[in-house]
Amino acid sequence: MPRTAAETGPHSQTLSRGIRALEILADARSPLTIAELSTALDVHRSIAYRIVRTLEDHALVTRDDSGRLQPGAGLAVLARAVSRDLQTASLPELGTLAADLRMTAFVAVWDRTDCITLATVEPQHNGATLAQHPGTRHPLDRGGPGIAIQSAIGRTDWEQRVPGVPYRPEADESRARGYALSHDEVIPGLSSVAVPLVLPHHRPAALAVVYLGTGIDPEPIGAALNAAAERIARAVG
């Protein structure tokens, strides 16, 4: 969608680096040293140290016993405030979907050219689960959630609002079918079924599940997702 002059004007480099540091720490498989963070940020170690000290002051970054850096508890406080009503309404439904379908269930929201996982629940059983952590980001033009979001908007509106992201023909098929499908698009070997979540005062989102492999009939999954999406919409109201 077009951006205003204020949105395209000069940005704060320091703030941008601080946010990028949080993204790097969130994506890291294990805590990072200051040196590793400065390398990832492509800044001098002294700059990385100042950024970390500021983030520590706000409990957004913490250190483990060895001094390595990891996301702090303050991020959880901020995360709870993001689309609070949608999270509150969706979590019970995600729990039911994960238990009934034995799949990881999640809500993804549209953020410019990406989908970001807002809330997720994994099935409670002894088999392998597929982590889809809150804050996980992937390109909007890949995967079931992005297709589902496009299907809710339609080609004409999409091309006007997001000219930089191609409208996928699968979105029209998904609208006719009632749910979106994808396989091997975001993570190799994973399949996804998704439906749109169109709620008042919220940007378009998607309710989805992911699972390993193929060969599972998506029809009952799509029906379960659509029923859950309707209940979430009523709860958000």
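The structure under discussion appears in the preceding block.
About the cut-offs
Residues numbered from 1 in each chain as written. Predicted model: local features only at pLDDT ≥ 70, side-chain atom pairs only at ≥ 80, totals over all residues. Heavy atoms only, no water. Helix = DSSP H or I, 4+ residues; strand = E, 2+ residues; numbered from the N terminus. Buried < 20%, exposed > 50% of the residue type's maximum accessible area, 1.4 Å probe, protein only. Contact = heavy atoms within 4.5 Å. Areas by Shrake-Rupley, 256 points an atom, 1.4 Å probe, with all protein chains shown as cover. Axes fitted to C-alpha atoms, helices over the stretch in contact; angles between N-to-C directions. Parallel < 35°, antiparallel > 145°, perpendicular 65-115°, else oblique. Nonpolar A, V, L, I, M, F, W, Y, C, P; charged D, E, K, R; others polar. Pairing = 2+ DSSP bridges. Phe/Tyr/Trp six-rings, centres within 6.5 Å; stacked < 30°, edge-to-face > 60°. Lys NZ or Arg CZ within 6 Å of the ring centre and 35° of its normal.

Caption draft 1: Structural view of the overall build of the protein. A tally of helices and strands in the protein yields 10 helices and 8 strands. Taken over 237 residues, the protein has a buried fraction of 39%. Contacts in the protein between residues at least 24 apart in sequence constitute 50% of all its contacts with a sequence separation of at least 6. Taken as a whole, the protein presents about 12,900 Å² of accessible surface, with 53% of it coming from carbon and sulfur.

Caption draft 2: A look at unusual backbone geometry. Phi is positive for R102, which is not a glycine, with a value near 60°. Mapped onto the fold, R102 is located in the loop between α6 (84-101) and β3 (104-111). Taking the relative accessible area as the measure of exposure, R102 reaches 53% and is therefore exposed. Positioned with a positive phi, R112 is a non-glycine residue whose angle comes to about 55°. Structurally, R112 is set in the loop between β3 and β4 (114-121).

Caption draft 3: Structural context of the packing of helix α3 (residues 34-41) against helix α4 (residues 45-57). Across the interface, α3 lies against α4 with an axial gap of 9 Å and an inter-helix angle of 105°. By the angle class used here, α3 and α4 are roughly perpendicular. Residues I34, A35, L37, S38 and L41 of α3 form the contact with α4, whose participating residues are R45, A48, Y49, I51 and V52. Here the contact of α3 with α4 is composed, by residue class, of 8 nonpolar, 1 polar and 1 charged.

Caption draft 4: Representation of helix α7 (residues 144-153). With 9 of 10 residues buried, α7 is to be regarded as a mostly interior element. Looking only at α7, the buried set comprises G144, P145, G146, I147, A148, I149, Q150, S151 and I153. Once α7 finishes, G154 follows within two positions and takes phi at roughly 90°, a positive value.

Caption draft 5: Local environment of the sheet that holds strand β7 (residues 190-197). A sheet is described by the order of its strands in space; here 6 strands give the open sequence β5-β4-β3-β8-β7-β6, paired in antiparallel fashion. Two strands lie at the open edges of the sheet, namely β5 (137-139) and β6 (180-183), each paired on one side alone. Going from strand to strand, the sheet's axes swing by 30° on average, the running direction of each strand aside. Here β4 runs beside β5; their pairing, made up of 3 bridges, is antiparallel. Bridging from a neighbouring strand, C115 pairs with H138 of β5. Across the sheet, helix α10 (residues 218-236) lies against β6, β7 and β8 (205-212), angled at about 35° from β7, the strand it touches most.

Caption draft 6: Focus on the packing of aromatic side chains. Applying the stated criterion across every chain, the model contains 1 aromatic pair. Positioned above the aromatic ring of Y179, the side-chain terminus of R177 is 5.4 Å from the ring centre. Above the plane of the ring of W110 lies R203, whose end atom (NZ or CZ) is 4.5 Å from the centre.

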